[in-house]
Amino acid sequence: MPFSHLRVALIVPCYNEELTISSVIDEFKAVLPSISVFVFDNNSTDRTSWVAKMHGAIVHSVRLQGKGNVVRRMFADVEADIYVMVDGDATYCADDLPAHIQLMLKNRLDMVLGVRTNEDDDSGQYRRGHRAGNRILTSTAMLLFGGAFSDMLSGYRIFSRRYVKSFPARARGFETETELTIHALQLRMPCAEVPVLYRARPDGSHSKLSTYKDGLLILRTIIRLVTTERPLLIFGGLAVILSIISLVIGVPVVAEFMRTGLVLRLPTALLATGLMLASLLSGLCGVLLDHVTIARADAKHLRYLSIPGP
């Protein structure tokens, strides 16, 4: 293979995946025998770690619960040139992995994102509720941050080393996929999406994703990232709204004063003045925080540039 000289690492976050982890390891090693497999066990209560070791994986233990905490440790502890991250539930097909890595190297990409597809759209592997929620959250993030990703919450991703070592992981749970995507958008990294066959879980294996709880966490993460990465949008928008309200309330008072020389509605005048001051303060905060955000983005970009590309 043209990338046989590169270190390729399969990094697998796991929580109680005893029934599936062996299939994941064996399938990915079958298509890419040189791949190094690292399983990060997140307090499993079954034999996930033992099964992974029996199938040749290097197993790490992560005590802080949550996928985000696991991603933080995976990116910190594993040294490689190319990182393949996949869930340990055996739902992602590995057949096209070599082609995906070749695509990354040919186009010098920093992230390849697997878009989940079913052999039969009505087969139910990818539940309609999860599909709809993913579309809503992905569309919201793309609208706010720009970009054209269609499956932001996919668990199949391939990263360059410069991506991994410049990623400031902060999420704790499943919202980490949102952070991973927005990091690439913020630094305007070259990325691509590829179709990946998504299969049903084997009998007896259960999803750890809570549709509503984790969906709300992801939405909260999007809101948090908007306030930290796009503060001018938030505070500038708030300033405009407050200004409009202040003008709607205050213009009649000013007109009345110009006509009579009296302020007959003092509380209204005070309210309009307060709203206008709040608008100016909000706009000023937006500008100042935007400059801070630009400085932070520049620091992350410099860190990114300090690492050799793919």
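Residues numbered from 1 in each chain as written. Predicted model: local features only at pLDDT ≥ 70, side-chain atom pairs only at ≥ 80, totals over all residues. Heavy atoms only, no water.

1. A short note on the sheet that holds strand β4 (residues 82-85)
In space, the 7 strands of this open sheet follow the order β3-β2-β1-β4-β6-β5-β7, with mixed pairing throughout. Edge positions in the open sheet fall to β3 (58-61) and β7 (191-197), since each of these has one partner strand only. If you compare each strand with its neighbour and ignore which way they point, the axes differ by 20 degrees on average. In this structure, strand β1 (residues 8-14) lies alongside strand β2 (residues 36-41), joined through 6 bridges in parallel fashion. In the sheet register, C14 faces β2, and the bridge partner there is D41. (Pairing = 2+ DSSP bridges. Helix = DSSP H or I, 4+ residues; strand = E, 2+ residues; numbered from the N terminus. Axes fitted to C-alpha atoms, helices over the stretch in contact; angles between N-to-C directions.)

2. A short note on the packing of helix α3 (residues 67-77) against helix α7 (residues 176-186)
At a minimum axis distance of 8 Å, the contact between α3 and α7 shows a crossing angle of 50 degrees. Here α3 lies oblique to α7, going by the angle between them. The segment α3 lies against α7, with K67, G68, V71 and F75 engaging T176, E177 and L180. Tallied by class, residues from the contact of α3 with α7 come to 3 nonpolar, 2 polar and 2 charged. (Parallel < 35°, antiparallel > 145°, perpendicular 65-115°, else oblique. Contact = heavy atoms within 4.5 Å. Nonpolar A, V, L, I, M, F, W, Y, C, P; charged D, E, K, R; others polar.)

3. Quick word on a nonpolar patch on the surface
Together, V254, F257, M258, V263, L266 and L270 make up a nonpolar patch on the protein surface, roughly 610 Å² of accessible area in all. For the nonpolar patch, the secondary structure elements donating two or more residues are α9 (231-260) and α10 (266-305). No other element matches the 3 residues that α9 contributes to the nonpolar patch. Following the sequence through the fold, L270 ends up in helix α10. Take L270: its relative accessible area is 56%, and that puts it in the exposed class. (Patch = residues over 30% accessible without salt bridge, like charges linked within 9 Å, V, L, I, M, F, W, Y side chains within 5 Å. Areas by Shrake-Rupley, 256 points an atom, 1.4 Å probe, with all protein chains shown as cover. Salt bridge = Lys/Arg side-chain N within 4 Å of Asp/Glu carboxyl O. Buried < 20%, exposed > 50% of the residue type's maximum accessible area, 1.4 Å probe, protein only.)

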